[in-house]
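Coordinate analysis (summary)
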Amino acid sequence: MAAEALPARRLAWGGIVGEAAAAAGVALALALPLIGFRTVETNAALGIETRFGWVAATVAAVFVGRLLLALLRSLHLHRKSVTRPTSPQPSPPPGAERERPVEREGEVGGRRFRAFSPTWIGALGIAFAVALPFLPFSSRYLVDLATTVVIYVMLGWGLNVVVGLAGLLDLGYVAFYAVGAYSFALLAQRFGLSFWQGLPMAGLLAAAFGLALGFPVLRLRGDYLAIVTLGFGEIVRLVLLNWVPVTNGPAGIADVPRPSFFGLPFERHAPPGGTTFAEFFHVPFNPGQRIVFLYYVILALALLTNAVTLRLRRLPIGRAWEALREDEIACRALGINPTLVKLSAFSIGAMLGGFAGAFFATRQGFISPESFTFIESATILAIVVLGGMGSQLGVVLAAVVLVCLPEFGRAFAEFRMLLFGAAMVAIMVWRPRGLVARRAPSLRLAGRDGAR
Amino acid sequence: MRPPLLEVEHLSMRFGGLLAVDDLSFAARAGEITAIIGPNGAGKTTVFNCLTGFYRPSIGRLTLHRGGRRHLLERLDGFRIARDAGVARTFQNIRLFAGMSVLENLLVAQHAPLMRASLYSIAGLLGLPGFRRAERAAVAKARDWLARIDLLARADDPAGSLPYGAQRRLEIARALCTGPALLCLDEPAAGLNARESAELNRLLLAIRAELGIGVLLIEHDMSVVMGISDQVVVLDYGRKIASGPPADVRRDPVVIKAYLGEEADEELPPDIARDLAGRG
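Residues numbered from 1 in each chain as written. Chains lettered and ligands numbered in written order. Predicted model: local features only at pLDDT ≥ 70, side-chain atom pairs only at ≥ 80, totals over all residues. Heavy atoms only, no water.

A few points about the nonpolar core
The condition is simple: Definition used in this section: a nonpolar core is a set of buried Ala, Val, Leu, Ile, Met, Phe, Trp, Tyr and Cys residues joined via side-chain atoms within 4.5 Å. Summary of the burial criterion: residues with accessible area below 20% of their type's maximum are buried, those above 50% are exposed, and those between are partly exposed, where the area comes from a 1.4 Å probe applied to protein chains only. The contact criterion used is simple: two residues touch if any of their non-hydrogen atoms lie within 4.5 Å.
Counting residues in hydrophobic clusters, the biggest one holds 154 residues, and the most contacted among them are A:W321, B:L146 and B:L170. B:L146 has contacts with A:L445, B:V102, B:L103, B:L106, B:L151, B:L152, B:A155 and B:L170, leaving out every residue within four places of it along the chain. Formed by 30 residues, the second largest nonpolar core is a distinct cluster that contains B:V21, B:V87, B:C184 and B:L216.

As for the domain arrangement of chain A
Here is the rule we go by: For the domain bounds, the source is a domain assignment made automatically or taken from a database.
Under the domain assignment used here, chain A contains domain 1 (10-42 + 49-83) and domain 2 (118-430). Summarising the inter-unit geometry, the C-alpha centres of domain 1 of chain A and domain 2 of chain A are found 41 Å apart.

Topic: helix α8 (residues 222-242) of chain A
All names here are of chain A. What counts, and what does not: Per the convention used, a helix needs a DSSP run of H or I reaching at least four residues, while a strand needs a run of E reaching at least two, with both numbered from the N terminus. A helix's residues, less one, multiplied by 1.5 Å, set its expected span. As used here, the arc is the angular range of directions from the helix axis to the C-beta atoms.
Under the 1.5 Å per step criterion, the end-to-end length of α8 is 30 Å for 21 residues, consistent within 8% with the ideal 30 Å. Burial in α8 covers these residues: L225, A226, T229, G233, V236, R237 and L240. End-on view of α8: buried residues confined to an arc of 110°, all on one side of the axis. Turned more than 90 degrees away from the buried face of α8, the exposed residues are D223, Y224, I227 and N242. Packing partners of the buried residues in α8 comprise α6 (174-191), α7 (195-217), α9 (244-247) and α14 (338-364).

Quick word on the pairing of strand β4 (residues 59-66) of chain B
Residue and element names in this part refer to chain B. Where we set the bar: At least two DSSP bridges between two strands are required for those strands to pair.
Here strand β1 (residues 6-15) pairs with β4 via five bridges, running antiparallel. For S12, the partnering residue across the bridge sits in β4 and is I59. In the sheet, β4 pairs with strand β5 (residues 69-72) via four bridges, with the strands oriented antiparallel. Directly across from L64, in β5, lies its bridge partner H71. Counted between consecutive antiparallel strands, the loop separating β4 from β5 contains two residues, among which G67 sits at a positive phi close to 55°.

Describing the sheet that holds strand β8 (residues 214-218) of chain B
Residues and elements named next belong to chain B. This is how it is decided: Here an axis means a line fitted to C-alpha atoms, over the contact stretch when the element is a helix, while the angle between two N-to-C directions is reported on a 0 to 180 degree scale.
Read from one edge of the open sheet, six strands run β6-β7-β8-β3-β9-β10, paired in mixed fashion. A strand with exactly one partner marks an edge of an open sheet, and here the two such strands are β6 (87-89) and β10 (239-244). Along the sheet, successive strands turn relative to each other by an average axial angle of 20°, direction set aside. Relative to β8, strand β7 (residues 182-186) is paired through five bridges, and the arrangement is parallel.

Structural notes on the pattern of salt bridges
Pairing between side chains becomes possible if they bear opposite charge and their charged atoms approach one another. Residue and element names in this part refer to chain A. So the rule is basically this: When a carboxyl oxygen of Asp or Glu is within 4 Å of a side-chain nitrogen of Lys or Arg, the pair counts as a salt bridge.
Overall, the coordinates contain 23 salt bridges over all chains when judged by the stated rule. Taking the shortest distance from any N to any O, the salt bridge between R237 and E234 comes out at 2.9 Å. Residue R237 and its partner E234 are both found in helix α8; the two are separated by three residues, about one turn of the helix. Classification of R237 by relative accessible area gives buried; the value is 19%. In this structure, a network of salt bridges that share partners links the residues R313, E322, R325 and E326.

Focus: the sheet that holds β1(B)
Strand pairing in a sheet relies on backbone hydrogen bonds. The paired strands run either parallel or antiparallel. Residues and elements named next belong to chain B. Across the sheet, four strands lie side by side as β2-β1-β4-β5; this open sheet has antiparallel pairing. Each edge of the open sheet carries a strand with a single partner, namely β2 (18-28) and β5. On average, each strand axis in the sheet is inclined to that of its neighbour by 20°, with strand direction left out of account. Inspection of the sheet shows β1 paired to β2 by seven bridges, in the antiparallel sense. From the neighbouring strand, L11 faces β2, where its bridge partner is L24. Helix-sheet contacts for helix α2 (residues 78-85) involve β4 and β5, and the interaxial angle to β4 is about 30°.

Things to note about the interface of chain B and chain A
Our working definition: By convention, the term buried area covers the 1.4 Å-probe accessible surface removed from two parts as they join, with the contributions of both added. We call two N or O atoms a polar contact when they sit within 3.5 Å, provided that within protein one can donate a hydrogen and the other can accept it, with sequence-adjacent residues counted only if both atoms are side-chain atoms. Side-chain classes are defined by residue name, with Ala, Val, Leu, Ile, Met, Phe, Trp, Tyr, Cys and Pro counting as nonpolar, Asp, Glu, Lys and Arg as charged, and the others, Gly among them, as polar.
Contact residues are listed per partner, giving 49 residues for chain B and 39 residues for chain A. With both sides pooled, the region where chain B packs onto chain A buries about 4,000 Å², and carbon together with sulfur makes up 63% of that total. Inspection of the region where chain B meets chain A yields one salt bridge. Close ionic contact of B:R95 with A:D327 constitutes a salt bridge, the shortest N to O distance being 2.8 Å. If you look at where chain B meets chain A, you find four residue pairs in polar contact (both at pLDDT 80 or more). Every element with two or more residues in the side of chain B that touches chain A is listed here: α2, β6, α3 (102-108), α4 (111-117), α5 (122-126), α6 (129-148) and α7 (164-177) of chain B. Broken down by element, the residue count for the side of chain B that touches chain A peaks at seven residues, all from α6(B). Its residues placed into classes, the side of chain B that touches chain A shows 26 nonpolar, 13 polar and ten charged.

Structure representation (structure tokens):
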């Protein structure tokens, strides 16, 4: 056995050093332009400062790091091969190789997670979210940040219907967000609609837009669908930017009305003939009240979204979405109309995005095309993918991570995005199928007899 | 006399310069198993794809008689062929919804009636009793099939984690859950061992006897074909070269030649002769 292992180890050395050298080479190529040169202002002109020492340090660090990593891995493998001195490759039993191993992975994750069920985690999470503004460590900044998180949670849940359940890769989801925001802002501006009147309209308009976008892309799948939806997202943004008579172009729309509490505005001074929230409840006026109220509005909207999505998933339409994601050809052979299934997923996802957009408009009080760039689509998609496709809980975790990480990273200034990228890579390395990779069946046979 | 369940008349399918199916005509009756056999590349799966709407035939008429109505399959969309005309199929390379549970696979097959019962999700969202009843009935139907194919214990496992033979059985059960008039099976015995293959035979015979539906079968395993089919259609290079009861087809010199080549009628290799004669 030892005689066998020796040449293996000698071979590995060459591989390890080569691997580290390759990594160092890549680091050199990246670091030379990124770290090696720096523009500095000298008096009136722009000069270039070289920092080759830094480059050398970076490359050395990468080389050593990679060397250690590869060494650890090969030692680990070596120990494994020593402890299991069996015949070279035990042939798997016939039939075993045909079993698809993908699901196995999910099951392992499932066992680990089954100890505390998603229902309990969900209930605890909701209780925490509801109590957040009143917790001792809570602050105006924290509630505002939580509002942003919940907006992204809602967008993630909306996109989850399209990407996670129906498997339609949509890179232009921000278009629906924008349509919702602009619909509400314009309806409020032109027709004087309040937030609560404008919200359903914004959702419906976004859903109609989803249908309109859905029709031409029905025949596309995967990469092609992604490219076309990416294009649609940009088209919407460019229309908003250039259709100045309606959208006011790059200047955006200001003075979007704020939501009221059953007709009671959150203002210091009541409008003529009205009462403010503070006056009605005989509490002193505090601008933080509106922040907390906005937080509860988006929390309620998001929880409603979650309830509807979870319900839809257990209905025939939800199972058809998932079936379509798994195999469109088999769906057709079972008499499912793929057109209807896709369009329903697209329009429901768009509607949820529209609701979130209307809320965004009322929260900011001002919207412009700058808020609806591709980076937003990418962030929302990253939330869905990192969370684990189709997992509602995963979306929440990923939204918290993706929104809070850059916030807390502010202390690290320019290294913020580096931290962000490292976190993304780490998640993809350790949990490639997302934070929550488990899929619970929409309906179980076991335990059904007793339950009903 | 009642018309046959399925009439295929002068079906031709051309891909560019290749004539995959050439002027094929045959009929399949309800309550019978019709096997389509032929060497590799003879056009068997192409016939299935024409029948189930995946290809639009170049020439020909495909008529399905169901409940006193005629459905012209060559004009229908694929999903309508399955939903309205009642043609269900399985695939040569299994196409289950691997990530979904076994039970869910069978519920997806009952999509059309469940969708109607849920009033296109409105009654379902509200949880109305009519939809609950329909859902219970669908689960009961799925449970019956799972008991039949011996997968009741694995109902909540992902379909992709089942062993190969069980996946084949599940795909057949899923096709049957659509309540079809005609079941098209594309090599259901491929990759099964002798015991599983015999089980499959029993299942298919039971389907024929109990449901009275027509079964169309593409198969290479001669023990399946000769053991259970009522009628055999033999294709070679897209043309029908023989048809009739299995006992006649087995002796047909043209068929033997197509399978074994020109000089074969003098001296058959013993194992192939035994295959042709049928082991079952």
